[in-house]
Every structure is written in structure tokens, then in C-alpha cells.
Amino acid sequence: MSAHVAAANVDNLPVPDTIGQRLIACTACHGKQGRAASDGYYPRIAGKPAGYLYNQLINFRSGRRQYPMMTYMVDHMTDAYLHEIAEYFSDQHPPYPAAQRFTLSTIDFKRGQTLVQNGDVSKKIPACIACHGNAMTGVLPAVPGLLGLPSDYLVAQIGAWQTGVRHAAAPDCMSQIAKRLSAEDIGAVAGWLAAQPVPAGAAAVPPLLTKLPLACGSVPN
């Protein structure tokens, strides 16, 4: 059989109708299984709580989040199909990339750590761990982990909430928090988070028993 005929036969093979095959359009940016990388702009979506992923797909479809490619992709998808997408990526658990290199000054690094672990009472900024979990790996059913994400992506998303480009279901707790952060705070938090290694077996933890510091429309009561 010639190479030309063999190639033609491969081209004529039926494409498997699987959710993984249908979501190649997603993994083209987010990486195989949604794993992404630590040095780019696209976030890891693998292993995120399904409730969080579904909320984001709805936010893109409704215009609360702005990214033309994402909006175009989900614009005509049904709620049921968005749930299926969210469940698929939530069930993926590929290895995490290595943490980014520490590039902050010592002062900024400590500031980022303080904001993540303790917040800033003087600015009414709650600790990140109060919502995202002590290990920052996320909380079921709808709070994402913040480890293993590029600092550029984190800066961009916090900035989008701060400027009103990104929204979530009201009351939008992240928008309130972002508006209390200075540019230096945002850089410190993003840099500190991106430099943290992801613990082995990282996964979202069960719902917290304590009340969230702010009412959040994306998280069921």
C-alpha cells in the first residue's frame, strides 16, 4: 500500500463521537486534559470543581466574562452540555506543572503571603484561604483552587474584576475584594501564588463549615 493510499484511508476513518474528541477545541488553548502550563496566560481547568467550571461557562455565555473566543464557543450551547463539559474537565487530574520562579522582592513576597493567609483587616480584605481553602486547592462545589496558575493570568483576572470587565453572579464577592487591592497587592498575591508548589494529590476539599467572609452569588449557601 502506498503512503498516499494509507494517508487517504486514515483520513476516511470515522471520528469518534466522544466528549474528549468534541473538546479538542478547548484543549487547543488549555492544554491536553485542560492541564495548561505554568508559564502562559491560559489557566488550568483540569480538576477544578465542576460547579466553578459550569459557572464560568455560563458567565462567558451571558457576557459577565469577556473573551470573544470563549463567548463564540459557548454562545449556543445548552445548560446540559455546559454541565457535561464542566464534569469532564473536573474529572481530569493530570500532573501539575512546576511552580514559576520566585521573582518578587522579599517585601512583596511576604506581602503576598500575608494577604493569602491572613488578609488585611485595615483594608477589609479577607484572607484568600477563607474561601479557597487552607491549601488553596479549592472548595467544593464551586470555589476554584488558585495554585498552579500563571501569575500573568492571576493578575489579569483580579484586574478584570477590579475594573469591572469580569463579573460573577451577584453579590459579586471577588469584585468587592479586588477593588480593595492596590496594584502592588495584586502583583504580590499573584507572584506568591504562582511560586507555590502544588501538593501531591491536590484536590478541592469538602464545603467549609465556617461562613464565608462575604456573601458570594457563585457559591450556594
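As the structure is a computational prediction, the values presented were derived from the model and not from experiment.

A. Seen up close, the pattern of salt bridges. Enumeration according to the criterion identifies five salt bridges in this entry. In this structure, the salt-bridge partner of R111 is D120, at a minimum N-O distance of 2.9 Å. Residue R111 is classed as partly exposed on the basis of its relative accessible area, which comes to 25%. On the accessibility criterion, D120 (13% relative accessible area) is buried. The salt bridge partner of R111 is D185, with a shortest N-O separation of 2.9 Å. Taken together, the positions of R111 in helix α7 (residues 106-117) and D185 in helix α11 (residues 183-194) put the pair 74 residues apart, joining distant regions of the chain. Since its relative accessible area comes to 4%, D185 is described here as buried. Sharing partners across several salt bridges, the network here consists of R111, D120, K123 and D185.

B. Representation of the state of the cysteines in the model. Under the criterion given, the structure shown has one disulfide. A disulfide bridge connects C173 with C216, and the sulfur atoms are separated by 2.4 Å. Here the residue C173 occupies a position in helix α10 (residues 173-178), and C216 occupies one in the segment after α11, the gap between them amounting to 43 residues. When its relative accessible area of 9% is taken as the criterion, C173 is described as buried. For the unlinked cysteine C29, the closest cysteine sulfur is that of C26, found at 8.8 Å. Free of any disulfide, C128 has its nearest neighbouring cysteine sulfur in C131, separated by 8.5 Å. Residue class for C128 comes out buried when judged on its relative accessible area of 18%.

C. Here's a closer look at the side chain of K48. Within the secondary structure, K48 is located in the loop between α3 (24-30) and α4 (50-62). Although buried, K48 forms no salt bridge, and the nearest oppositely charged side chain, D91, lies 14 Å from it. With residues up to four places along the chain from it excluded, the contact list for K48 reads L53, S90, P144, G145 and L149.

The rules we used
Residues numbered from 1 in each chain as written. Predicted model: local features only at pLDDT ≥ 70, side-chain atom pairs only at ≥ 80, totals over all residues. Heavy atoms only, no water. Salt bridge = Lys/Arg side-chain N within 4 Å of Asp/Glu carboxyl O. Buried < 20%, exposed > 50% of the residue type's maximum accessible area, 1.4 Å probe, protein only. Helix = DSSP H or I, 4+ residues; strand = E, 2+ residues; numbered from the N terminus. Disulfide = S-S within 2.5 Å. Lys, Arg positive; Asp, Glu negative; His and termini not counted. Contact = heavy atoms within 4.5 Å.

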